[in-house]
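Structural overview for review
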Amino acid sequence: MYQDSSALSLADRLRSEVSALRPGQRLPSSRKLVERYRVSPVTVTRALSLLTAEGLVVTRPGSGAYVAERPVPASGPADYGWQAVALGDRSVDPSGMTWLLTPPPEGAVALSGGYLHPTLQPLRALSLAAARAARRPDAWEVPPLGGVPELRAWFARTIGGSVAPSDVLVSSGGQQSLTTVLRAIAPPGSPLLVESPTYLGVLAVARASGLHPVPVPADEHGLRPDLLAEAFELTGARVLYFQPAYQNPTGATLAAERRAEVLAVARAAGAFIVEDDYASHLGFGTPAPAPLVSADPDGRVVHIASMTKATAPSLRVAAVVARGPVAERIRSTQLVAEFFPARPLQETLLELVTSPGWPRHLRAVRAALRSRRDALTAALARDLPGLSHSRPDGGMHLWARLPDGTDDEALARDALRAGVLVNAGRPFFPAEPSAPFLRLSYGGAASEAELSEGVRRLATVLHI
């Protein structure tokens, strides 16, 4: 509401006026401000609301707006040293996540990040869906535990197989789902098997929860079942986390012949599989096989289906599919940790995915991602012909193998100075990396031309 450019501009001008007045002095009336700055009364109201929110102005009904009392500056910096003793050892390291979520500097090309560029997001459709959702009589009430029934049913139909609406728990996005699921099924101190490399976010969640990530190597066909069996045997782990489709960061999809093997290995180990299906809507090549949960008769697979990647960063809604006693444990953990996901977001997603525009959006996004992948690979062939990389059939990332001896983190810093943001491969490994890599993303750039320019800039610091 308050991001109107005219209101922001007027607020900037009024700050100068406020700074020249004493606390308690009255500002000109709204009518005078309208006349002086030739703006609408609504713009004046919004600008004053901004200044009020900043603590610069106080309003008195029927009297006007006045300069607020200015806080007395402290005589010196606060002493927070006592907190080091009270806090103890650091248990949460968000450094990798912070890097992923930090916007690129002005003028830099983003070959990083995990969200669609705003031009690919269904922003108008989302606005309309949110408006319709907000008008529902019960939009702001407590939702049914487990989620809005119609949304649970939609997730069940979309995931397929024998998944029923009663198996679905609506959650607050993929990252929160991971936190809830791992907290529910993996006790602190236990090992967690993960692909190597793997999604940064699961490593952060695992370590913050007191779990010990154990790498299981993967190749261009996904997780290796032969090494998975060995990892279960050596560690005694009871949980495997992995992404079978368009894996982040490599883009690999689990080969069809490995699906039954992974399930069989987990069954022999008496273990759960946490299947992170973050990009099922972003496939644009050879269709990925159905989710493992659709072929799971005994509740071994806990499936997470996130909608954020196919929509917009702040539509934090996902589904967790679980069956048997583990489902109740996950529901209980969610209830204790966060009560429930916000109903307006659930209703907004339901409005979006049941609208006629949803299939059109998915077709447009898939076509755009295919074109961008092709543009990125063409630019790499032109400017960095010696760089080997993956060529995924979906998702938003390429995984590029750097020459032996390359310091990928130093390269990422050099690339940023050259005006292109890339992700070093090292943080995606739960242990020592097998080789130096870069993750190059094609979903967050503004255009195919920008992707090409990003590769050109990268080539100025990567000489191969």
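The sections below set out a description of the structure shown in this document. It should be emphasised that the depicted structure is a prediction, and the values quoted were computed from it without experimental measurement. (Residues numbered from 1 in each chain as written. Predicted model: local features only at pLDDT ≥ 70, side-chain atom pairs only at ≥ 80, totals over all residues. Heavy atoms only, no water.)

**Considering the overall build of the chain**
A count of helices and strands for the chain gives 16 helices and 16 strands. Sequence-distant contacts, at least 24 apart, represent 74% of the contacts inside the chain between residues at least 6 apart. (Helix = DSSP H or I, 4+ residues; strand = E, 2+ residues; numbered from the N terminus. Contact = heavy atoms within 4.5 Å.)

**Remarks on helix H1 (residues 5-20)**
The end-to-end C-alpha distance of H1 is 24 Å, a good match for the 22 Å that 16 residues give at a rise of 1.5 Å each. All of the buried residues along H1 are Ala7, Leu10, Ala11, Leu14 and Val18. In this structure, the buried residues of H1 make contact with helix H2 (30-37), helix H3 (41-53), strand S1 (57-60) and strand S2 (64-67). (Expected span 1.5 Å × (residues − 1). Buried < 20%, exposed > 50% of the residue type's maximum accessible area, 1.4 Å probe, protein only.)

**Regarding the sheet that holds strand S16 (residues 437-441)**
With antiparallel pairing, four strands are arranged side by side in an open sheet as S12-S13-S16-S15. The open sheet has two edge strands with one neighbour each: strand S12 (388-389) and strand S15 (423-424). When S15 meets S16, the two strands line up antiparallel, connected through two bridges. Note on S16: the bridge partner recorded for Asn423 is Arg439. Contacts from helix H14 (residues 357-383) reach S12, strand S13 (397-401) and S16, with the element oriented near 20° to S13. (Pairing = 2+ DSSP bridges. Axes fitted to C-alpha atoms, helices over the stretch in contact; angles between N-to-C directions.)

**Observations concerning the pairing of strand S11 (residues 318-321)**
In S11, alternate side chains face the same way, and those of Ala318 and Val320 on one face and Ala319 and Val321 on the other are all buried. The pairing of strand S4 (residues 168-171) with S11 spans four bridges and is antiparallel. Its bridge partner lying in S11, Val168 is registered against Val321.

**Structural notes on the pattern of salt bridges**
For the structure on display, the rule yields 23 salt bridges. For Arg401, the salt bridge identified is with Asp404, shortest N-O distance 2.9 Å. Given the relative accessible area of 30%, Arg401 is considered partly exposed. Through salt bridges with shared partners, a single network forms among Arg132, Arg136, Asp138, Arg343, Glu347 and Glu351. (Salt bridge = Lys/Arg side-chain N within 4 Å of Asp/Glu carboxyl O.)

**Some points on the packing of H1 against H3**
Each pair of packed helices can be summarised by the angle the axes make with each other and by the distance between the axes. Contact geometry of H1 with H3 gives a least axis separation of 8 Å together with a crossing angle of 55°. Considering their axes alone, H1 and H3 lie oblique with respect to each other. Here H1 and H3 pass one another in a crossing that is right-handed. Contacts between H1 and H3 pair Ser6, Ala7, Leu8, Leu10, Ala11, Leu14, Arg15 and Val18 from the former with Thr43, Val44, Arg46, Ala47, Leu48, Leu50 and Leu51 from the latter. For the contact of H1 with H3, the residue count by class is eleven nonpolar, two polar and two charged. (Parallel < 35°, antiparallel > 145°, perpendicular 65-115°, else oblique. Left-handed = near helix turned anticlockwise from the far one by under 90°. Nonpolar A, V, L, I, M, F, W, Y, C, P; charged D, E, K, R; others polar.)

**Re the side chain of Arg300**
Note on placement: Arg300 falls in the loop between strand S9 (272-277) and strand S10 (301-306). Setting aside residues up to four positions removed in sequence, Arg300 forms contacts with Leu263, Ala266, Arg267, Gly270, Ala271, Phe272 and Ile273.

**A closer look at unusual backbone geometry**
With an omega dihedral of 5°, the bond running from Ser196 to Pro197 counts as a cis peptide bond. Omega for the peptide link from Asn248 to Pro249 comes to 25°, which places this bond in the cis form. Assignment of secondary structure puts Pro249 in the loop between strand S8 (239-242) and helix H11 (256-269). The backbone phi angle of Arg38 is positive, close to 55°, even though this residue is not glycine. Inspection of the secondary structure assignment puts Arg38 in the loop between H2 and H3. Judged by relative accessible area, which is 77%, Arg38 ranks as exposed. In this model, Phe339 sits at a positive phi of 65°, which is unusual for a non-glycine residue.

**As for the pairing of S13**
Burial within S13 is extensive, with four of its five residues counted as buried. Relative to S13, S12 is paired through two bridges, and the arrangement is antiparallel. Looking at S13, one finds that His389 is bridged to Ala400. Sheet analysis places S13 next to S16, joined by five bridges and oriented antiparallel. Across the sheet, Ala400 pairs through a bridge with Leu438, a residue of S16.

**Here we look at the packing of H1 against H2**
As a packed pair, H1 and H2 sit with axes 13 Å apart at the nearest point and diverge in direction by 110°. Our classification of the angle between H1 and H2 gives roughly perpendicular. For the pair H1 and H2, the sense of crossing is right-handed. Facing H1, whose interface residues are Leu10, Arg13, Leu14 and Glu17, H2 presents Leu33, Arg36 and Tyr37.

**Structural notes on the sheet that holds strand S7 (residues 222-223)**
Spatial ordering of the open sheet is given by S4-S11-S10-S9-S8-S5-S6-S7, a layout of eight strands whose pairing is mixed. Looking at which strands have only one partner, the edges of the open sheet turn out to be S4 and S7. Bridge count for S10 against S11 is four bridges, and the pairing is antiparallel. For His303, the partnering residue across the bridge sits in S11 and is Val321.

**Thoughts on the packing of aromatic side chains**
Going through the model one piece at a time under the given rule, you end up with seven aromatic pairs. Between Trp399 and Phe428 the ring centres are 6.0 Å apart and the planes differ by 80°, which places this aromatic pair in the edge-to-face class. Taken as a pair, Trp399 in strand S13 and Phe428 in the loop between S15 and S16 lie far apart in primary sequence, 29 residues in all. Neither residue differs from the other here; Trp399 and Phe428 are each classed as buried. An angle of 35° between the planes, with centres 6.0 Å apart, marks the rings of Phe429 and Phe437 as tilted. On the accessibility criterion, Phe437 (11% relative accessible area) is buried. Feature note: the residues Trp399, Phe428, Phe429 and Phe437 constitute an aromatic cluster, connected by ring pairs. Its end group placed over the ring of Tyr66, Arg60 keeps NZ or CZ at 4.0 Å from the ring centre. Here the basic side chain of Lys309 rests over the ring of Tyr115, its NZ or CZ set 4.3 Å away from the ring centre. (Phe/Tyr/Trp six-rings, centres within 6.5 Å; stacked < 30°, edge-to-face > 60°. Lys NZ or Arg CZ within 6 Å of the ring centre and 35° of its normal.)

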